[in-house]
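Geometric and topological summary
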Amino acid sequence: MRHSFLSKLLGKFERVGPREIQGVFLSLVKEKGFLEAIFNALQEGIIVLDNLGKIKYSNLAVQRLFGVSPDDILGKEIQKCIPLIDWPELISLGKVISRDFQVFYPEPRYFNLSLIPLEGLGDKNAAYIAIFYDITATREKTLEAIESEKLNLLTMLAAGVAHELGNPINALGIHFQLIEKKYKKLLQQKNGQIGDKEIENSFAAIRSEIRRLDGIINQFLKAIRPSPPKLRLLSLNQVLKQAVEFLSPEIQNLDILIEMDLDQGLPLLRADRNQLKQAFYNILKNGIEAVGKNGIIKISTHADDSFLIVSFQDNGTGIAQEAMSHLFKPYFTTKSSGTGLGLLIVRRIIRDHGGEVQIESQKGKGTTVKILLPRAERLIRLLPMAEKAKQTEARCDE
Ligand SMILES: Nc1ncnc2c1ncn2[C@@H]1O[C@H](COP(=O)(O)OP(=O)(O)OP(=O)(O)O)[C@@H](O)[C@H]1O
Ligand SMILES: [Mg+2]
């Protein structure tokens, strides 16, 4: 349509007066401004290329997505402005192409690029239109789904192995008790002869290691058995105090100072008490292990409009930058006796409650773990609003 309009105009060109030309010119300028406003309002980045790969047009989103200004890149080769893609190769294919790629600047993001030849649209120099869709959020969701699927499989496998280990450990314990008894009996038969100190030390070590193994497996099974949270209204502050109480032998042994700054006006939370206790226990245990003797752990609670927030701040070893992205991976540990499952379990529990875990750390200075849990009344508040919306809709329909 636009072509026929222009052809007609050109056909009449010699017959039209300067006033008419001015009018047409103004409406073209207006239309250009209108189209530009539309293109600049789009979330997708759009670049028009000529047949040599030079940029003829780019919208504002390109600046936001790639950190390059549309004015600066105008007339330049796209390969120089967005070098992550092999543009000459894509252009040489001469057909519609869709590719996913990743950029690291100005921030890490994933994109889908659609490169579409513009043949037949009248402009001989504009050869391609490149549309960039930001797919970071969708991709993250897919990765999360894969991760959670993997985690479920892993949890089942681990639970099975741990359960199977329980039987031989039991048998070991029983046989060890029998050996100990027999040893004591033999000593008695030899008229109360004093036992061999080395053997007795070994007995003590075996006894404590069997107990430790048993403890680890029980804890592990308790922690990883996936069960949906049994939600009850409870006091977050109280659960925190119980988790601290549970670890008080370690806290006292190491002379660790626990500073509690709990908001007494905190609303009740809808949560599973045992699961939350488990999550707080894991975070506190990490804090204790990080601060060591005479360390300080500050625990505080407060609420905002959407969440109840718990913060665990320690002045321990801190976490190295390169470790930060691995913290929630199964079996990631920097400790000789760690399982590397603690934080992963924390995240699973908090996510099952609709919440979020945030970790900030500075090597050598300390770590802050923040837990955000949605306010109990958030859902309740939403319901009447939805109801109201329905009523309004119904009234509009009438
Ligand atoms: N408060 C903290 N301070 C310093 N490093 C921490 C802290 N919390 C976690 N980390 C780091 O994150 C890693 C993973 O923690 P996670 O709790 O998942 O496993 P773990 O503590 O190593 O083992 P487990 O919890 O099974 O005993 C730790 O090995 C440690 O390097
Ligand atoms: Mg841990």
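Residues numbered from 1 in each chain as written. Chains lettered and ligands numbered in written order. Predicted model: local features only at pLDDT ≥ 70, side-chain atom pairs only at ≥ 80, totals over all residues. Heavy atoms only, no water.

Let's talk about helix α7 (residues 136-189)
- For α7, with 54 residues, the first-to-last C-alpha span of 76 Å sits near the 80 Å given by 1.5 Å per residue.
- Once α7 ends, the next one or two residues include Asn 191, with phi positive near 55 degrees. (Helix = DSSP H or I, 4+ residues; strand = E, 2+ residues; numbered from the N terminus. Expected span 1.5 Å × (residues − 1).)

Digging into empty space enclosed by the protein
- Inspection of every chain in the model, using the stated rule, returns two cavities of 30 Å³ or more.
- The volume enclosed by the second largest cavity comes to roughly 30 Å³.
- Around the second largest cavity, the lining residues are Gln 358, Glu 360, Thr 368, Val 369 and Lys 370.
- Those elements that provide at least two residues to the lining of the second largest cavity are β11 (356-362) and β12 (366-374). (1 Å grid on protein atoms, 1.4 Å probe; cavity = no way out; pocket = protein on both sides within 12 Å on 5 of 7 lines; lining within 4 Å. Points joined across faces, edges and corners; volume = space filled by probe spheres on them.)

Examining the confidence of the model for the protein chain
- Looking at the protein chain, the pLDDT average stands at 84 and 88% of residues meet or exceed 70.
- Put simply, helix α13 (residues 377-397) is where the protein chain has its lowest mean pLDDT, 43, and strand β9 (residues 296-303) is where it has its highest, 98.
- Contacts from residues 379-398, a stretch scored under 50 in pLDDT, to residues over four places away or in other chains number one contact. (pLDDT = per-residue confidence, 0-100. Contact = heavy atoms within 4.5 Å.)

Overview of the packing of helix α11 (residues 273-291) against helix α12 (residues 342-352)
- Put simply, α11 and α12 touch, their axes get as near as 9 Å, and they point 145 degrees apart. Helix-helix and strand crossings are classified by hand; for α11 and α12 the assignment is left-handed. For the pair α11 and α12, contact is made by Gln 275, Leu 276, Gln 278, Ala 279, Asn 282, Ile 283 and Asn 286 and by Gly 342, Leu 343, Ile 345, Val 346, Ile 349 and Ile 350, respectively.
- Split into classes, the residues belonging to the contact of α11 with α12 amount to eight nonpolar, five polar and no charged. (Axes fitted to C-alpha atoms, helices over the stretch in contact; angles between N-to-C directions. Left-handed = near helix turned anticlockwise from the far one by under 90°. Nonpolar A, V, L, I, M, F, W, Y, C, P; charged D, E, K, R; others polar.)

Re the site of ligand 1
- Close contacts around ligand 1 come from 19 residues, with Asn 286, Thr 333, Thr 334, Lys 335 and Thr 339 the closest.
- Contact distances for ligand 1 include 2.4 Å between an oxygen atom and a side-chain N or O atom of Thr 334.
- Side-chain polar atom of Thr 367 to a nitrogen atom of ligand 1: 3.3 Å apart, as the coordinates give it.
- In the complex, the protein chains occlude 93% of the 590 Å² of accessible area that ligand 1 would expose alone.
- Contributions of two or more residues to the shell around ligand 1 are made by α11 and α12.
- The leading source of residues in the shell around ligand 1 is α11, at three residues.
- For the shell around ligand 1, the per-class residue count stands at six nonpolar, ten polar and three charged. (Near = heavy atom within 4 Å. Polar contact = N/O pair within 3.5 Å; in protein donor to acceptor, adjacent residues only side chain to side chain. Areas by Shrake-Rupley, 256 points an atom, 1.4 Å probe, with all protein chains shown as cover.)

A word on the environment of Gly 316
- With respect to the element layout, Gly 316 can be found in the loop between β10 (307-314) and α12.
- Those residues within four positions of Gly 316 in sequence are excluded, and the remaining contacts are Ala 290, Val 291, Gly 364, Lys 365 and Gly 366.

Here's the deal with the nonpolar core
- Judged by nonpolar contacts, the single largest core of 56 residues is most densely connected at Leu 236, Leu 276, Phe 280, Ile 299, Phe 312 and Ile 371.
- Split by domain, this core shows at least three residues from each of two domains, domain 2 (140-224) and domain 3 (232-381).
- Setting aside chain neighbours within four positions, we find Phe 312 in contact with Leu 240, Phe 280, Ile 283, Leu 284, Lys 298, Ile 299, Thr 367, Thr 368, Val 369 and Ile 371.
- The next biggest cluster of nonpolar side chains, apart from the first, holds 25 residues, and it includes Ile 47, Phe 66, Trp 87 and Phe 111. (Core = buried A, V, L, I, M, F, W, Y, C linked by side-chain atoms within 4.5 Å. Buried < 20%, exposed > 50% of the residue type's maximum accessible area, 1.4 Å probe, protein only. Domains from an automatic or database assignment.)

Looking at the side chain of Ser 58
- Within the element layout of this structure, Ser 58 appears in strand β2 (residues 55-58).
- Aside from chain neighbours lying at most four places away, what touches Ser 58 is Ile 46, Ile 47, Pro 70 and Ile 73.

A closer look at the pairing of strand β1 (residues 45-50)
- Counting buried positions along β1 yields six of six residues, so the element is predominantly enclosed.
- By the alternation rule, side chains of β1 split into Gly 45, Ile 47 and Leu 49 and Ile 46, Val 48 and Asp 50, which are all buried.
- As paired strands, β1 and β2 are joined by three bridges and run antiparallel to one another. Directly across from Val 48, in β2, lies its bridge partner Tyr 57.
- Here β1 folds back onto β2, and the loop between the two strands holds four residues, one of which, Gly 53, carries a positive phi near 85 degrees. (Pairing = 2+ DSSP bridges.)

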